[in-house]
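Examination of the molecular architecture
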Amino acid sequence: MIPTINTVVAIDGPAASGKSTVARGVARALNWLYLDSGALYRGVTWQALENGIRISAGPALVGMVAELQIAFAIADGAIRFSLNDMPLGIEIRAPRVDKHVSAVAATPGVRQGVTRWLRKAAELGPLVAEGRDIGTVVFPDARHKFFLDASPDERARRRYDELAERAEDVSPDEVGRALRRRDTLDSERDADPLRAAPGAVAVDTTGLTIDEVVQAIVARIREQ
Ligand code: CDP
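What comes next is a walk through the structure.

Each value, and the rule that gives it
- Residues numbered from 1 in each chain as written.
- Predicted model: local features only at pLDDT ≥ 70, side-chain atom pairs only at ≥ 80, totals over all residues.
- Heavy atoms only, no water.
- Phe/Tyr/Trp six-rings, centres within 6.5 Å; stacked < 30°, edge-to-face > 60°.
- Buried < 20%, exposed > 50% of the residue type's maximum accessible area, 1.4 Å probe, protein only.
- 1 Å grid on protein atoms, 1.4 Å probe; cavity = no way out; pocket = protein on both sides within 12 Å on 5 of 7 lines; lining within 4 Å.
- Points joined across faces, edges and corners; volume = space filled by probe spheres on them.
- Helix = DSSP H or I, 4+ residues; strand = E, 2+ residues; numbered from the N terminus.
- Nonpolar A, V, L, I, M, F, W, Y, C, P; charged D, E, K, R; others polar.
- Domains from an automatic or database assignment.
- Pairing = 2+ DSSP bridges.

Aromatic rings considered in pairs are described by the distance between their centres and by the relative angle of their planes. Per the stated rule, a full pass over the model turns up one aromatic pair. Centre to centre, the rings of Phe 72 and Phe 81 are 5.9 Å apart; their planes meet at 70 degrees, and the pair counts as edge-to-face. On the accessibility criterion, Phe 72 (27% relative accessible area) is partly exposed. We classify Phe 81 as buried; its relative accessible area is 5%.

Next comes the structure, spelled out in structure tokens:
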């Protein structure tokens, strides 16, 4: 694994804590690449659903991941992924993927495969990576680590707004329930559970604008 102490900013946190938008903003401010690790867990989940692989069938899922061909491209300052020549698009954000992704991501063999892909992506250049285990497992030697959170109500509201904007047919209650379920699965699983990495700077984004969070993080990186 290449040393990533000075070339990775790790941003972890639960769903809808603001990680993606903030990580993109920090990457833009530093002129580094943006890496969305959740997109890979979502892409694997989408592939499994398309191929009719049962999510609870661990070995079949891990076998599928081992066979998948990954390719990277850079567009708009972000690393984009293709799995088996299929660029990951908006379909990986659908509610059916939301529903199954945490179970897929709890499978140790899937995590090993995705972690390998993420480390490979770090060869493309300095990056701001966001997810659940970036500071703890994927790039544990990164100097700059942040843990974003927001109140459950605020996170449910943000996710509902995002889905409503895409005209997904969901109710605020359903969105809140799905988010809480995913939080529990992600924090209580045995394999690489969601945790703040030792030394990570905690940022509560409730009531803060994206710009405020980005500025606070960039200032912290510059002084670290
Ligand atoms: O954007 P959102 O916070 O809803 O989720 P995401 O970052 O797209 O991640 C989707 C799911 O992938 C999470 O709920 C986790 O189950 C899993 N994940 C993970 O286990 N480890 C990561 N580094 C990133 C995502």
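Anyway, onward from the coordinates.
The next point concerns the layout of surface pockets. Each pocket or cavity is described by its volume, and for the largest pocket that value is around 1,000 Å³. Lining the largest pocket are 48 residues, and of these Ser 20, Asp 36, Arg 42, Arg 93 and Glu 130 sit closest to its centre. At the level of secondary structure, the elements contributing two or more residues to the lining of the largest pocket comprise α1 (19-30), β2 (33-36), α2 (37-50), β4 (78-83), α4 (95-105), β6 (127-131), α7 (152-165) and α8 (172-188). Partitioned by chemical class, the residues of the lining of the largest pocket number 18 nonpolar, 10 polar and 20 charged. When residues of the lining of the largest pocket are assigned to domains, at least three fall in each of domain 1 (8-32 + 127-219) and domain 2 (37-125). Size it by volume and the second largest pocket reaches roughly 280 Å³. Among the elements of the structure, α4, α7 and α8 are those that each provide at least two residues to the lining of the second largest pocket. Classifying every residue of the lining of the second largest pocket gives six nonpolar, no polar and six charged. Both of domain 1 (8-32 + 127-219) and domain 2 (37-125) provide at least three residues apiece to the lining of the second largest pocket.

Now for the pairing of strand β1 (residues 8-12). Taking burial as the measure, the five residues of β1 include five buried ones, the bulk of the element. Taking every second residue as pointing to the same face, both faces of β1 are buried, with Val 8, Ala 10 and Asp 12 on one and Val 9 and Ile 11 on the other. Taken together, the five bridges between β1 and β6 define a ladder with parallel strand orientation. The residue bridging Val 9 from the neighbouring strand is Val 128, located in β6. Both β1 and strand β7 (residues 144-149) contribute to a ladder of four bridges, which runs parallel. If you follow Ile 11 over to β7, its bridge partner there is Phe 146.

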